Amino acid sequence: MSNRGSRILSACVSLSPLVPFVVFVTVGVFYTGAQSFGFMVSAAPDARFSNGYAVLYRSAWFYRSLLYSVGVASAATAFSVLGGTLIALGLRALPERLFRIGLVYKIPLILPHVVIGLVVLVAFGRSGFIARVFEALGGSVVNLVVQSLIAPINPPGTGALVFAYVLKSVPFVTLLVYAVLRRFDTRQVETARMLGAGVLQRFRSLLLPVIAPPAATAGVIVFLFSFGAFDLPFLLGGSRRPMLAIDVFNRYWYRDLAARPAAMASLIVMFAISVVFVFLYFRLVRRQHHGVRHV
Amino acid sequence: MILRYSRCRHARIIVVLAVAVATLGACAREGNDDAGVLEEEFDRIVESAEGGEVRFALWGGDSRINRWIDTYVSRELDSRYGIRLTRVPMDTAQIVNRLLGEKQAGRERGSIDLIWINGENFKRAREQGLLFGPYTHRIPNLELTDPEEVSYDWGFPVDGYELPWGQAQFVLEYDTAEIDEPPASVEELDAWIRANPGRFTYPQPPDFTGAAFIRHLFYHFADGHEIADGHEKFLDGFDQALYERHAEPLWEYLRDLEPYLWQGGENYPADKAQLDVLFERGEVSFNMSYTQSGAQGLIDAGRYPETVRTFVLEQGTLTGIHFTAIPFNAPNKAGAMVVSNFLLSPDAQYSKNVPENWGDFTVLDLGRLDDEERRRFEELDLGPATLPVEVLGAHALPEIPAEYVDAIDEGWEREVLRRE
């Protein structure tokens, strides 16, 4: 066998673990796509189903659900990236001996999403654990303050949902950002300060270029996850503003066959949005790499 | 080296594929001998079911029901018939959808042997050919029921495709420590809700209990606010014009009521289990149940205070029979038949009727039982939270035909939930 032939063969062998994945995704997308247009929905030969996209196009509920999902995912991403970055900066500033204590931030990282959801459900409800504990204090100021603090995140509702996502995602952002920050030489900041650079300038020209790439990567992952997730919206979401995943689930499981093309079309739309989002992100990153600086 | 490695890898893949094909072939050969089961005498069916596993898929949202199945039913099936029962918790609509998927994919050997079903789910399953049968003429304990009562499931003919299992009536629950006299009618309930904003809600349809609550109001608005007269016109099957005429005032009413509901009607409990939690924590003043003695069971289990009682509305409350059925591709149909026959036996029906176990009423015709068995049912203590059987009977309303159920569920979503 020629050298080239064996190279190709070797490449095929190394790529073979990806085969099940590629087959699974291709078949899955094809099947979902076919159903979204009303094909392969029923085994009955005479069954006709309408095009799911046409149903979605006319559905005000779908638009609302789509906008709401984008909104929740954006809010969750913004708060998580902000919080996670701040914690990472704080950790970097911690003295060596306190560093181990700082590692508690990793706890939500190892808890499954559903546990975070249950914690929010049980603890932050209007008659939940926290509310009941402070209720015992009666009309005191502490009670009033606590009750009004947790009111915006009472499940079910948008507040509770975003809060749970943030709780779960902040450590993840911290982990990525801190990994980069740890290698960052703080003497640079010191030098800049001595040379007369202000706080804002030091942050913008020294720290931001270092933390922006990992924060952005974490943000993309948090966004994609919150946009498409089912578990937390199922536990904490409100009745009137369903995340897309819940809407798909309801259409698929709780209606008759005629509703399936629309459910599948919804999935394809979600898939397309995620792909476009990732594509835009990579373009942005590439431009940064070529243009400004290489971190 | 690479070449040798890849050859070796290829050989492995071929072996794996060969094994997989052989296994699939073996599975396919096992197959189902459906026609055979229907020809057999029941004794032979019992013999052939011994030592097998029966996978029973049923709604898993009530811990008492789950426990009863996992303890009493499993134990008895094992000791009487040598059958191993596996409970598969699933929402009924999901089970039907799963079977539909399997039918589409041509999967002749499924993973579920028996399902708990009734109403619109049964109708859908029948229409899509998802059920095995007719088989109930082979089930001995069916003789103990009144054929007139059990041959229709919410207006849809049973035709031997499902076996009756229990009888339930809708009741509302309240705590006497908070409310002295519960509302006696739909009008009084309405007045109470408006006078006590945020203290009432219902689970969001298509939740089974929430959807049933809405159907009461549908009956109520159907004819001069007299449910008892209003329901009859619906029993002849679905009539789109009739439905629309009566649904419109209902949606208008529910939209108007929303600001007085829990969380100002912004959210509804997603299911009955969530409403249970709200009621237990005292966040709302009423709960509802499609099990007459459900409240007593929860008192016995320590989840409800002793002071909880149930009531029905003077216009009446819905009563329905629920069934078990066997999927078209059940791998163990003989076992499923034995299990469903046991579930309909006087022993299992009595055990199920005990409030502490479940409290679901028997579907047996007591007149067909022998004296001792009948007395056992008559002397059963249903507890202070359960209304007397006579009161329940006097307020029983038949369920509406299944087509209306779907239409009302969808209508609620469109006209109430999505229209603010």
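Now for a quick tour of the structure. (Residues numbered from 1 in each chain as written. Chains lettered and ligands numbered in written order. Predicted model: local features only at pLDDT ≥ 70, side-chain atom pairs only at ≥ 80, totals over all residues. Heavy atoms only, no water.)

Our next topic: the overall build of chain B. Along the backbone of chain B there are 18 helices and 11 strands. Per-residue burial for chain B yields a buried fraction of 55% across its 420 residues. Partitioning the contacts of chain B with sequence separation of at least 6, the portion at a separation of at least 24 is 81%. In the form shown here, chain B has an accessible surface area of approximately 17,800 Å², with 49% of it arising from carbon and sulfur atoms. (Helix = DSSP H or I, 4+ residues; strand = E, 2+ residues; numbered from the N terminus. Buried < 20%, exposed > 50% of the residue type's maximum accessible area, 1.4 Å probe, protein only. Contact = heavy atoms within 4.5 Å. Areas by Shrake-Rupley, 256 points an atom, 1.4 Å probe, with all protein chains shown as cover.)

All right, on to the overall build of chain A then. When you go through chain A residue by residue, the secondary structure sums to 15 helices and 0 strands. Over its C-alpha trace chain A gives a radius of gyration of 24 Å, far above what one expects of a compact globule, namely 19 Å for 295 residues. Summarising its shape, the C-alpha atoms of chain A cover approximately 80 × 80 × 30 Å along the three principal directions. Taking all 295 residues of chain A together, the buried fraction comes to 39%. Within chain A, contacts between residues separated by at least 24 positions form 73% of all contacts whose residues are at least 6 apart in sequence. (Rg over C-alpha atoms; globule rule 2.2 N^0.38 Å.)

Here we take up the nonpolar core. Soluble globular proteins: nonpolar side chains tend toward being buried together. All names here are of chain B. Ranked by internal contacts, the top residues of the largest apolar core, which has 58 residues, are Tyr 202, Trp 251 and Leu 254. Ignoring any residue separated from it by four or fewer positions in sequence, one finds Trp 251 in contact with Ile 214, Tyr 243, Ile 408, Gly 411, Trp 412, Glu 415 and Val 416. Val 37, Ile 65, Val 73 and Leu 364 belong to the second largest nonpolar core, which has 45 residues in total. (Core = buried A, V, L, I, M, F, W, Y, C linked by side-chain atoms within 4.5 Å.)

Let us now look at the sheet that holds strand β8 (residues 286-289) of chain B. All names here are of chain B. Read across the open sheet, the 3 strands follow the order β8-β7-β9; overall the sheet is antiparallel. If you trace the sheet from one side to the other, it starts and ends with β8 and β9 (308-311), each paired once. With direction set aside, neighbouring strand axes in the sheet form an average angle of 30°. As paired elements, strand β7 (residues 171-175) and β8 share 4 bridges and run antiparallel to each other. Within the sheet, the bridge partner assigned to Tyr 174 lies in β8 and is Phe 286. (Pairing = 2+ DSSP bridges. Axes fitted to C-alpha atoms, helices over the stretch in contact; angles between N-to-C directions.)

Here we take up the interface of chain A and chain B. Tallying the contact residues gives 35 residues for chain A and 32 residues for chain B. Summed over both sides, the interface between chain A and chain B buries roughly 2,900 Å², with carbon and sulfur atoms accounting for 47% of that surface. Together, Ser 239, Arg 240 and Trp 253 of chain A form the three largest contributors to the area buried by chain A at its contact with chain B, with a combined 24%. Our count for the contact surface shared by chain A and chain B stands at 3 salt bridges. Note that Glu 283 of chain B and Arg 126 of chain A form a salt bridge whose closest N and O atoms lie 3.7 Å from each other. (Buried area = accessible area lost by both parts, 1.4 Å probe. Salt bridge = Lys/Arg side-chain N within 4 Å of Asp/Glu carboxyl O.)

Cis peptide bonds are those with omega within 30 degrees of zero, and the linkage from Pro 155 of chain A to Pro 156 of chain A qualifies with -5°. Tracing the backbone through its elements, the reader meets Pro 156 of chain A in the loop between α9 (141-150) and α10 (158-182). Following Gly 133 of chain B, the chain continues into Pro 134 of chain B via a peptide bond in cis, with omega recorded as -5°. Within the secondary structure layout, Pro 134 of chain B lies in the loop between α6 (119-127) and α7 (147-150). If you check the backbone angles, Asp 159 of chain B has positive phi at about 50° while not being a glycine. Topologically, Asp 159 of chain B is positioned in the loop between β5 (156-157) and β6 (163-169).

Residue and element names in this part refer to chain A. A surface patch of nonpolar side chains, amounting to about 860 Å² of accessible area, comprises Leu 15, Leu 18, Phe 21, Val 22, Phe 24, Val 25, Val 29, Phe 271 and Val 275. For the nonpolar patch, the secondary structure elements donating two or more residues are α2 (19-36) and α15 (260-290). The biggest single contributor to the nonpolar patch is α2, with 5 residues. As for its placement among the helices and strands, Phe 24 is situated in helix α2. (Patch = residues over 30% accessible without salt bridge, like charges linked within 9 Å, V, L, I, M, F, W, Y side chains within 5 Å.)

Attention now moves to empty space enclosed by the protein. Residues and elements named next belong to chain B. The full count for this structure, using the stated rule, is 1 cavity of 30 Å³ or more. Quantified by volume, the largest cavity comes out at close to 30 Å³. Elements with a minimum of two residues in the lining of the largest cavity: α8 (186-195), α9 (208-222) and α11 (240-257). Element by element, the count of residues in the lining of the largest cavity is highest for α8, at 4 residues. Among the residues making up the lining of the largest cavity, the classes are represented as 7 nonpolar, no polar and 1 charged. (1 Å grid on protein atoms, 1.4 Å probe; cavity = no way out; pocket = protein on both sides within 12 Å on 5 of 7 lines; lining within 4 Å. Points joined across faces, edges and corners; volume = space filled by probe spheres on them. Nonpolar A, V, L, I, M, F, W, Y, C, P; charged D, E, K, R; others polar.)

Let us look at the packing of aromatic side chains. If you walk through the whole model with that rule in mind, you get 41 aromatic pairs over all chains. Ring geometry for Phe 223 of chain A against Phe 277 of chain A: centres 4.3 Å apart, planes inclined by 20°, an arrangement best described as stacked. Of this pair, Phe 223 of chain A sits in helix α12 (residues 199-228) while Phe 277 of chain A sits in helix α15; the two residues are 54 residues apart in sequence, bridging distant segments of the chain. By relative accessible area, which is 8% here, Phe 223 of chain A ends up buried. Considering the side-chain rings of Trp 68 of chain B and Trp 358 of chain B, the 5.9 Å spacing of their centres and the 65° angle between planes classify their relative orientation as edge-to-face. With Trp 68 of chain B in helix α4 (residues 63-81) and Trp 358 of chain B in the loop between α15 (346-353) and α16 (371-378), the pair connects residues that are 290 residues apart, well separated along the chain. (Phe/Tyr/Trp six-rings, centres within 6.5 Å; stacked < 30°, edge-to-face > 60°.)

Below, the discussion takes up the layout of surface pockets. Think of a ball as big as a water molecule: rolled over the atoms, this probe shows where empty space is left. All names here are of chain B. Looking at the second largest pocket, its volume works out to about 920 Å³. Forming the boundary of the second largest pocket are 33 residues, of which Glu 149, Gln 167, Thr 319, Ile 321 and Thr 362 lie nearest the centre. Looking at the lining of the second largest pocket, the elements with two or more residues in it are α7, β4 (152-153), β6, β10 (317-325), α16, α17 (389-394) and β11 (396-398). By residue number, the principal contributor to the lining of the second largest pocket is β10, which donates 4 residues. A class-by-class count of the residues in the lining of the second largest pocket yields 17 nonpolar, 9 polar and 7 charged.

Together, Asp 180, Glu 181, Glu 187, Glu 188 and Glu 314 of chain B make up a negatively charged patch on the protein surface. Counting through the fold element by element, Glu 314 of chain B comes out in the loop between β9 and β10. (Lys, Arg positive; Asp, Glu negative; His and termini not counted. Charge placed at Lys NZ, Arg CZ, Asp CG, Glu CD.)

Before going further, it helps to spend a moment on α10 of chain A. Between its first and last C-alpha atoms α10 of chain A spans 35 Å; for 25 residues at 1.5 Å apiece the expected length is 36 Å, and the two agree. At Ser 169 of chain A, α10 of chain A shows its largest kink, close to 35°, and the proline Pro 171 of chain A lies no more than four residues downstream. (Expected span 1.5 Å × (residues − 1). Bend = angle between axes of the 7 residues up to and from the residue.)

Another point: the environment of Glu 39 of chain B. Tracing the chain through its elements places Glu 39 of chain B in helix α2 (residues 34-39). Overall, the relative accessible area of 63% leaves Glu 39 of chain B in the exposed class.

All names here are of chain B. Taken as a whole and assessed by the stated rule, the structure comprises 32 salt bridges over all chains. The shortest N-O distance in the salt bridge between Arg 368 and Asp 146 comes to 3.9 Å. Residue Arg 368 is located in the loop between α15 and α16, and its partner Asp 146 is located in the loop between α6 and α7; the two are separated by 222 residues in the primary sequence. On the accessibility criterion, Asp 146 (22% relative accessible area) is partly exposed. Each of Glu 76, Arg 80, Asp 347 and Arg 376 takes part in a single network of salt bridges with overlapping partners.

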